[in-house]
Amino acid sequence: MRKVILAPSLLSADPLNIARDIEKIKGEYDWLHIDVMDGHFVPNLAYGPSLVSALKSRHDITSPIDVHLMVEPPENFIDLFLPLKVDYLTIQIESTPHAHRVLQCIRDGGAKCGLAINPGTPVEWVAPLLFSVDMILVMSVNPGFGGQEFIPQVLEKVEWLYRERTVNNLNFLIEMDGGLGLDNIQDVVRHGCDVVVAGNAVFGHEDPAQALKAMRNKIMEVFR
Ligand code: DX5
Ligand code: ZN
């Protein structure tokens, strides 16, 4: 059975009670996904290095921290996060003409590097970079906000990535982010997704731990 990672997105947590919300899902999540928005690459503002630093300083939070940069240009931001020892640092391919260089800098800085692609970006754009990444993040909504509707056409991208990874004997992870929940998680996993990001489906639920358990069960059914 393939390991599928569940990464709740803190964008949907209660901003006045983030620690409490993380405590609620203790033992049920694999990674924590942090969205960073600059009001320029995306029309919204969200979290920065101070939140990541606070999370990293908690000894009760030991799971990988997965930072998704929706900022332009990412070159100006990666040095804010690398000293914090984030585990994954992902940039958007549309945000820089120098994606290869930035990915390299992230790796040199000691983090795993990820590359995200928007729903309107052809997946083939990442082809020359597949050999230089630890993760490809397929956006299944247009980035900027939680709680949007899933765009099913992006599943073809996951299939393509899965095939390229097998044919070229590579080992990057395939992550998906946006509009994911109980309705589509099985489809997403069947198409080859390794990391499932979910904001609203987790923290918008009255019992976030229960929401994650239900997702885990749905995943188990796929491999049964
Ligand atoms: C959207 C963010 C997502 C967001 C997902 O721009 O990148 O991580 O938090 O939220 P949901 O799961 O509610 O679509
Ligand atoms: Zn995200």
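How each quantity is defined
Residues numbered from 1 in each chain as written. Chains lettered and ligands numbered in written order. Predicted model: local features only at pLDDT ≥ 70, side-chain atom pairs only at ≥ 80, totals over all residues. Heavy atoms only, no water. Donors = N, O, S within 2.8 Å, 3.2 Å for Na, K, Ca; no water. Tetrahedral: all angles 85-135°; square planar, octahedral: opposite > 155°, others 65-115°. Helix = DSSP H or I, 4+ residues; strand = E, 2+ residues; numbered from the N terminus. Buried < 20%, exposed > 50% of the residue type's maximum accessible area, 1.4 Å probe, protein only. Arc of directions from axis to C-beta. Contact = heavy atoms within 4.5 Å. Near = heavy atom within 4 Å. Polar contact = N/O pair within 3.5 Å; in protein donor to acceptor, adjacent residues only side chain to side chain. Areas by Shrake-Rupley, 256 points an atom, 1.4 Å probe, with all protein chains shown as cover. Core = buried A, V, L, I, M, F, W, Y, C linked by side-chain atoms within 4.5 Å. Phe/Tyr/Trp six-rings, centres within 6.5 Å; stacked < 30°, edge-to-face > 60°. Lys NZ or Arg CZ within 6 Å of the ring centre and 35° of its normal. Salt bridge = Lys/Arg side-chain N within 4 Å of Asp/Glu carboxyl O.

Q: So what exactly am I meant to see when it comes to the coordination of the zinc ion (ligand 2) here?
A: Note on metal geometry: ideal angles are 109.5 degrees for four donors arranged tetrahedrally and 90 or 180 degrees for six donors arranged octahedrally. Only H33 (NE2), D35 (OD), H68 (ND1) and D177 (OD) from the protein reach the zinc ion (ligand 2) as donors, at distances of 2.1 to 2.3 Å. Here the zinc ion (ligand 2) is ringed by 6 donor atoms whose angles at the metal span 70 to 166°, and the overall shape comes out octahedral. Expressed as a motif, the donor residue spacing for the zinc ion (ligand 2) is H-x1-D-x32-H-x108-D. A residue pair is termed long-range when its members are at least 10 positions apart, and H68 in strand β4 (residues 65–70) and D177 in strand β8 (residues 173–177) qualify at 109 residues. Of the two residues examined, H68 and D177, each falls in the buried class.

Q: Looking at this model, I keep getting lost on helix α2 (residues 49–56). Mind explaining?
A: Every α-helix winds through 3.6 residues per turn, so residues three or four apart in the chain are directed the same way. Among the residues making up α2, those that are buried are L51, V52 and L55. The buried residues of α2 occupy an angular sector of 100° when projected down its axis, which confines them to one face. Buried residues belonging to α2 abut α1 (18–24), β2 (32–38), β4 and α3 (78–81).

Q: I would appreciate a short explanation of helix α4 (residues 99–108) in the present structure.
A: Among the residues of α4, those classed as buried are A99, V102, L103 and I106. All buried residues of α4 fall inside an arc of 100° around its axis, so they share one side. In α4, the exposed positions that point more than 90 degrees away from the buried face belong to R101 and D108.

Q: Explain the site of ligand 1 to me, please; I cannot follow it from the model alone.
A: Surveying the vicinity of ligand 1 reveals 20 residues, the closest of which are S9, G144, G147, D177 and G179. One of the backbone nitrogen or oxygen atoms of G147 is found 2.8 Å away from an oxygen atom of ligand 1. A distance of 2.7 Å separates an oxygen atom of ligand 1 from a polar atom in the side chain of D177. Alone, ligand 1 offers 380 Å² of accessible surface; in the complex the protein occludes 99% of this.

Q: Where do I start with the nonpolar core in this structure?
A: What tends to happen in soluble globular proteins is that the nonpolar side chains get buried as a cluster. Grouped together as the largest cluster of nonpolar side chains are 65 residues, with contacts concentrated most on L10, V67, L115, V126, L161 and M176. Once you skip the residues sitting within four places of it in the chain, L115 turns out to touch T90, I91, Q92, I93, A99, L103, V126, L129, V133, M135, I136 and L137. Among the nonpolar cores identified, the runner-up in size contains 7 residues, and I5, Y88, V195 and V197 belong to it.

Q: Help me understand the packing of aromatic side chains in this model?
A: This structure, assessed with the given rule, holds 1 aromatic pair. Both rings, one in W31 and one in Y88, keep their centres 4.6 Å apart while their planes meet at 25°; by these two values the pair is stacked. Within this pair, whereas W31 is found in the loop between α1 and β2, its partner Y88 is found in strand β5 (residues 88–92), the two being separated by 57 residues in sequence. Of the two residues, W31 and Y88, neither departs from the other in class, the shared state being buried. In this structure, R165 packs its charged tip against the face of F172, placed 5.8 Å from the ring centre.

Q: Please clarify how the side chain of T96 should be interpreted in this entry.
A: Summarising the element assignment, T96 is placed in the loop between β5 and α4. A residue is classified by how much of its surface remains accessible, and T96, at 9% relative accessible area, is buried. Polar contacts involving the side chain of T96 include one to the side chain of E75, which spans 2.8 Å. Within the structure, T96 has its side chain in polar contact with the backbone nitrogen of H98 (distance 2.9 Å). In this view, T96 contacts P74, E75, I91 and V102; residues no more than four positions away in its chain are not counted.

Q: Even after reading the chapter, I still don't get the pattern of salt bridges, so can you show me in this structure?
A: Note that side chains of opposite charge can pair when their charged atoms are close. For the structure on display, the rule yields 11 salt bridges. The closest approach of N and O atoms between K24 and D21, which form a salt bridge, is 3.8 Å. Of this pair, K24 and D21 both sit in helix α1, 3 residues apart, roughly one helical turn. The class for K24 is partly exposed, based on a relative accessible area of 39%. Between D194 and R165 there is a salt bridge, and its shortest N-O distance comes to 2.9 Å. Of this pair, D194 sits in the loop between α6 (185–190) and β9 (195–198) while R165 is found in helix α5 (residues 155–167), placing the two residues 29 residues apart along the sequence. Residue D194 is classed as buried on the basis of its relative accessible area of 5%. If you follow the salt bridges from partner to partner, you end up with D14, R20, D21 and K24 in one network.

In short, shape yes, function no, at least from these values alone.
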